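Topology and contacts: notes
The lines below spell out each chain.
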Amino acid sequence: MENEYTEVAQVNDNLNLDQEQAEDRENVAVVDFKMVTFSLAGKDYAIDIMQVKEIAKTGRFTYVPNALPFVLGVYNLRGEIIPIIDLRLFFNIEIPVRKDNSVENMLIVSVGDQLFGVVVDAIDKVVGIQKSTIQPPHPLFGDINIKYIYGVVESQNHLYILLDIERIFNSRIASKEKEAGIDNVYVNTTVSPIMSDAVKAPAKASKEPSGLAAKAEAAKTEAAKPDPSEQDFKFIVEELKNLKKFHVTDINEAWVKTRFDQWIGERKSSGSQLQNEKDADDFLSPFWSPCNGQWWTKQYADEVYKLLPDNSAKQIVVWNPGCGKGYESFSLACLLKKRYPDAKIRIYAQDVDLLNISNAPLVSIPESYANDWYSPYITRKVTGEATFTQEIKDIIMFEYHDCTNSNSLPMVDIVFARDVLSFLPVEAQNVVVGDFDEKLKGNGIIILGASESLGKGSNWGEKTVGSLTYFNKQ
């Protein structure tokens, strides 16, 4: 009997042991995702541990002139020079004034083949979770844009905001944007046809005599034929895209329709179709904004000055995509210095023409303009040529950058993008207007080309001052 009790006890012990081992295995299986946790402005954040190479504490960063505000400099990591990003400044979180060489908490993260140093308030610990517990992001969970959040997860009585490092540092991937429903969110690409008042289906006749019925049927058949003006308009829309990469959407459709009517009148004898690039240039000749690609006249500068709203901020940030040779950027810098004399002004001027961007900081201004409204901001080179003062030059940071890729810019007060959107593909227009929405401060303004608009039925407000118009958030 004693042996039987002993055997039963051993069986029970074995069952208990198997159960404990099963529970251990279950707990291990649950943890299929690990993350490094840290804090920003008192809130808990996390990054996938697979993207964190190491953790460091340092403050000896080498300053880089004209870098973006959130770039603290570069750091020599065992012979490899890496950029250092202050994540707090990137997300526009206020921080105390940094003392020189003060020690910072830093995560070394890997994005593709590039290493970055990411400065945070404090680094906490490594937390293991089950990946299925990660919930979709919600704007209320953080002080940052939702597009940079991978998800949120609760662990050990903490709610962590899991950041998407690749979206923060990498260029936007078009296919992912389409999957996310970005396509056609901001721009309606359907060009409404121009219909003549004469092209209308005749009203139905109830009981007409046979002669009138025959005439009505004939009119109905005639009305069913394609309207020549509609066909010509569609042809012009297509040829503008093919010849000049000009894409007709809600941004410029109103102007294109008006111009089409003018074009029909101008081309009575030669036909309305665009046969070559010269025809396309002629069609678009009235499209361009005043002083496009040129130094600004005093008249135009005065009009832009009146358009600029009151702003008591200590720093005015401007995004100027499509800056070309820099004439527009320097003109804007002088005007902003005049309008906001006590503010620190920064213009991020971007273009995809590398030669223009490289030469822009070295530009000289013709004497006829140097002695005009630009004169308070002009100095002389050794050769006697007129150029801009160092104060004006320091305002502008010229960047070789495609605005359709992700922009790691701070929040901006002004977007100055004249005659740019119309020459972007439809999907790119959606992306860039989305960036305008994301980057613009609540009291900021957007100035587009004279023939462009942010589209009918959009959520943008519109205000005209004199002959110019700006758009703002409603």
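Quick note: structure is the one above.
Our subject in this report is the structure included herewith. (Residues numbered from 1 in each chain as written. Predicted model: local features only at pLDDT ≥ 70, side-chain atom pairs only at ≥ 80, totals over all residues. Heavy atoms only, no water.)

Okay, the nonpolar core next. The biggest cluster of nonpolar side chains holds 50 residues, and the ones touching the most others in it are Phe-38, Phe-91, Val-109, Phe-169, Phe-436 and Ile-446. Ranked by residues supplied to this core, first place goes to helix α14 (residues 426–439) with four residues. With sequence-adjacent residues up to four places away left out, Ile-446 is seen in contact with Val-415, Phe-436, Leu-440, Leu-454, Trp-460, Tyr-470 and Phe-471. Among the nonpolar cores identified, the runner-up in size contains 43 residues, and Val-304, Cys-334, Ile-365 and Ile-395 belong to it. (Core = buried A, V, L, I, M, F, W, Y, C linked by side-chain atoms within 4.5 Å. Buried < 20%, exposed > 50% of the residue type's maximum accessible area, 1.4 Å probe, protein only. Helix = DSSP H or I, 4+ residues; strand = E, 2+ residues; numbered from the N terminus. Contact = heavy atoms within 4.5 Å.)

Further remarks concern the pairing of strand β18 (residues 460–465). Summarising the sheet, β18 and strand β19 (residues 468–473) pair through six bridges and their orientation is antiparallel. For Glu-462, the partnering residue across the bridge sits in β19 and is Phe-471. (Pairing = 2+ DSSP bridges.)

Taken in spatial order, the five strands line up as β8-β1-β2-β10-β9 in an open sheet, and their pairing is mixed. The open sheet has two free edges, formed respectively by β8 (122–129) and β9 (149–155), since each of these has just one partner strand. Each strand axis lies, on average, 35° off the axis of its neighbour in the sheet, ignoring direction. Relative to β8, strand β1 (residues 33–40) is paired through six bridges, and the arrangement is antiparallel. Bridge pairing links Lys-34 to Gly-128 in β8. (Axes fitted to C-alpha atoms, helices over the stretch in contact; angles between N-to-C directions.)

Let's shift gears to the pairing of strand β5 (residues 80–86). Of the strand pairs in this sheet, strand β4 (residues 71–77) and β5 are connected by six bridges, and their pairing is antiparallel. In the sheet register, Tyr-75 faces β5, and the bridge partner there is Ile-82. The antiparallel hairpin formed by β4 and β5 contains two residues in its connecting segment, where Arg-78 sits at a positive phi of about 50°. Of the strand pairs in this sheet, β5 and strand β7 (residues 114–120) are connected by three bridges, and their pairing is parallel. Each residue of the ladder has a partner; that of Ile-85, found in β7, is Val-118.

The backbone of Lys-245 shows a phi angle near 55°, a positive value even though the residue is not glycine. Within the secondary structure, Lys-245 sits in the loop between α6 (228–244) and α7 (253–266). When its relative accessible area of 60% is taken as the criterion, Lys-245 is described as exposed. The phi dihedral of Asp-419 falls on the positive side, at around 55°, and the residue is not glycine. Checked against the element boundaries, Asp-419 lands in the loop between β16 (412–417) and α14. Taking relative accessible area as the criterion, Asp-419 reaches 7% and is therefore assigned buried.

Our next topic: the environment of Tyr-369. As for its position among the elements, Tyr-369 is in helix α12 (residues 367–370). For Tyr-369, a relative accessible area of 23% translates into the label partly exposed. In this structure the C-alpha to C-alpha distance between Tyr-369 and Ala-386, which are 17 residues apart in sequence, comes to 9.4 Å. Among all residues touching Tyr-369, those that are not within four sequence positions of it are Trp-295, Trp-296 and Tyr-374.

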